[in-house]
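# A closer look at the structure
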Amino acid sequence: RVLSIRDPQQKRLTMNLSTIAVLASTIALSHAFSVVPGVINQRSVKSSPLEVVTEANDFGSALATTTEESIYDRLGVAEDKIALGIDPEEFMEWIGPREQVIRRFMDEIKFDRERAELEADKFFMDSELVNAYIKYEKNKDKIDPAVYEEQSWDDPKTILTYVAWIAGGEGFSW
């Protein structure tokens with residue numbers, strides 16, 4: 001059922017208010033998407049060492065004369081070659097730079113240089129593995145090696161454990 005306004009003056013007032021509301025919302029929306037001169041969104045401004053120009057540079061070129069290198073330079077990896085979710089500072093502290101990772105692959109797993117570089121690049125792109133390894137490195141002093149030692153046949157508990165498993169398996173097979 002449609003409500004109707006019978007009074008012409010009230011109808012005109014309602015039309016004027018609705019026109020004002022539409023006009024106000026249109027103006028507000030149009031200003032929301034406009035660029036205000038002099039206002040820069042801080043998130044959109046990314047400075048890199050190449051954008052820094054100092055007075056010491058006679059030519060005023062875009063080449064940087066800063067001596068501070070980024071964490072990615074110290075890691076030896078481009079920023080887009082390290083997975084999201086990896087903190088490069090923690091990586092540097094607990095694992096080391098790319099060259100050290102390559103040496104570990106070559107020494108511990110016996111890869112040649114080419115294969116070690118390939119595996120190191122894959123390692124940098126695996127955030128779950130890297131974060132788990134960093135967690136292990138942080139807590140490896142707290143791990144009790146006796147828990148993980150291989151049990152010997154001299155220990156009666158080992159022999160009884162095997163006997164129980166074998167007897168239990170034989171009992172279920174009958």
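Residues numbered from 1 in each chain as written. Predicted model: local features only at pLDDT ≥ 70, side-chain atom pairs only at ≥ 80, totals over all residues. Heavy atoms only, no water.

## Looking at the overall build of the protein chain
The condition that has to hold: Secondary structure elements are taken from DSSP: a helix is a run of H or I of four residues or more, a strand is a run of E of two residues or more, and numbering for both begins at the N terminus. Relative accessibility thresholds used throughout: buried, under 20% of the residue-type maximum; exposed, over 50%; partly exposed, between the two (1.4 Å probe, protein chains only). When checking whether two residues touch, look at their non-hydrogen atoms; a contact exists if any pair is within 4.5 Å. For the area figures, the Shrake-Rupley method with a 1.4 Å probe applies, and any residue is considered shielded solely by the protein chains shown.
Within the protein chain one finds seven helices and zero strands. Along the chain direction, N to C, the helices and strands of the protein chain fall in the order α-α-α-α-α-α-α. For the protein chain, with 174 residues in total, the buried portion stands at 14%. Taking the intrachain contacts of the protein chain between residues at least 6 apart in sequence as the baseline, contacts between residues at least 24 apart amount to 32%. When the accessible surface of the protein chain is totalled, it reaches about 15100 Å², and 58% of it is carbon and sulfur.

## Focus: the side chain of E119
The topology assignment puts E119 in helix α5 (residues 113-124). The residues contacting E119, other than those within four sequence positions of it, are F105 and F111.

## Brief notes about the pattern of salt bridges
Going by this rule: One speaks of a salt bridge when a side-chain nitrogen belonging to Lys or Arg is within 4 Å of a carboxyl oxygen belonging to Asp or Glu.
Tallied over the full model, the rule gives seven salt bridges. Notably, a salt bridge pairs R115 with E119, separated by 3.1 Å at the nearest N-O pair. One end of the pair, R115, and the other, E119, are both in helix α5, four residues apart, so they sit about a helical turn from each other. By relative accessible area, E119 is classed as buried at 16%. Across the pair E137 and K140 runs a salt bridge whose closest N-O atoms are separated by 3.2 Å. According to the relative accessible area criterion, E137 is buried, its value standing at 11%. Through salt bridges that share partners, E99, R113 and E117 make up one connected network.

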